[in-house]
Amino acid sequence: DEILGYLGEALEMMEIPPEPPEQAGRSLYQRLEISGMKDQLVRRVKDVKKNIFAAQRNLDLLRERVQVESQNKTDQLSTELQKN
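Residues numbered from 1 in each chain as written. Predicted model: local features only at pLDDT ≥ 70, side-chain atom pairs only at ≥ 80, totals over all residues. Heavy atoms only, no water.

Student: Give me helix H1 (residues 2-13): which residues, what numbers.
Tutor: The terminal C-alpha atoms of H1 lie 17 Å apart, and with twelve residues this matches the ideal 16 Å at 1.5 Å per residue to within 8%. Here H1 has its buried residues at Leu4, Gly8 and Leu11. Buried residues in H1, looked at end-on, bunch into an arc of 60 degrees, giving them a common side. The exposed residues of H1 that point more than 90 degrees off its buried face are Glu2, Ile3, Tyr6 and Met13. Against helix H3 (34-83) lie the buried residues of H1. (Helix = DSSP H or I, 4+ residues; strand = E, 2+ residues; numbered from the N terminus. Expected span 1.5 Å × (residues − 1). Buried < 20%, exposed > 50% of the residue type's maximum accessible area, 1.4 Å probe, protein only. Arc of directions from axis to C-beta. Contact = heavy atoms within 4.5 Å.)

Okay, here's the thing in structure tokens:
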């Protein structure tokens, strides 16, 4: 999560260079798609943030399930011991 913060911060600071005036430079600039690269990177960072959030929620749910199952197992063992 912290790494994504750094990436987002770096993208905010990133400046897109102007398109070069000469034909060879413009051709390379367009071929590399420099102007759209920042937007794509910003979108990918947002996607990763969403994926991390979803994974964190799934992890929280799994932890909750484990806790419930552990409590159920403890209760079951307690009940069995009381029978004996």
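Student: Go over the environment of Pro18, please, and point to the residues and values.
Tutor: Note on placement: Pro18 falls in the loop between H1 and helix H2 (23-32). The spatial distance from the C-alpha of Pro18 to the C-alpha of Tyr29 is 9.1 Å, given a sequence separation of eleven residues.

Student: Describe the pattern of salt bridges, and please don't skip the residues or the numbers.
Tutor: Using the criterion set out here, one finds two salt bridges in the structure. Linking Arg44 and Asp47 is a salt bridge whose minimum nitrogen-to-oxygen distance equals 2.9 Å. Of this pair, Arg44 and Asp47 are both found in helix H3, three residues apart, which corresponds to roughly one turn of the helix. Judged by its relative accessible area of 44%, Arg44 falls in the partly exposed class. For the salt bridge of Asp60 with Arg63, the shortest nitrogen-to-oxygen distance reads 3.9 Å. With a gap of three residues between them, Asp60 and Arg63 both fall in helix H3, about one helical turn apart. When its relative accessible area of 39% is taken as the criterion, Asp60 is described as partly exposed. (Salt bridge = Lys/Arg side-chain N within 4 Å of Asp/Glu carboxyl O.)

Student: Describe the packing of H1 against H3, and please don't skip the residues or the numbers.
Tutor: Contact geometry for H1 and H3: axes closest at 10 Å, N-to-C directions at 160 degrees. By the angle between their directions, the pair H1 and H3 is classed as roughly antiparallel. Our pair here, H1 against H3, has a crossing hand that is left-handed. Residues Leu4, Leu7, Gly8, Leu11 and Glu12 of H1 pack against Lys38, Leu41, Val42, Val45, Val48, Lys49 and Ile52 of H3. Of the residues assigned to the contact of H1 with H3, the class counts are eight nonpolar, one polar and three charged. (Axes fitted to C-alpha atoms, helices over the stretch in contact; angles between N-to-C directions. Parallel < 35°, antiparallel > 145°, perpendicular 65-115°, else oblique. Left-handed = near helix turned anticlockwise from the far one by under 90°. Nonpolar A, V, L, I, M, F, W, Y, C, P; charged D, E, K, R; others polar.)

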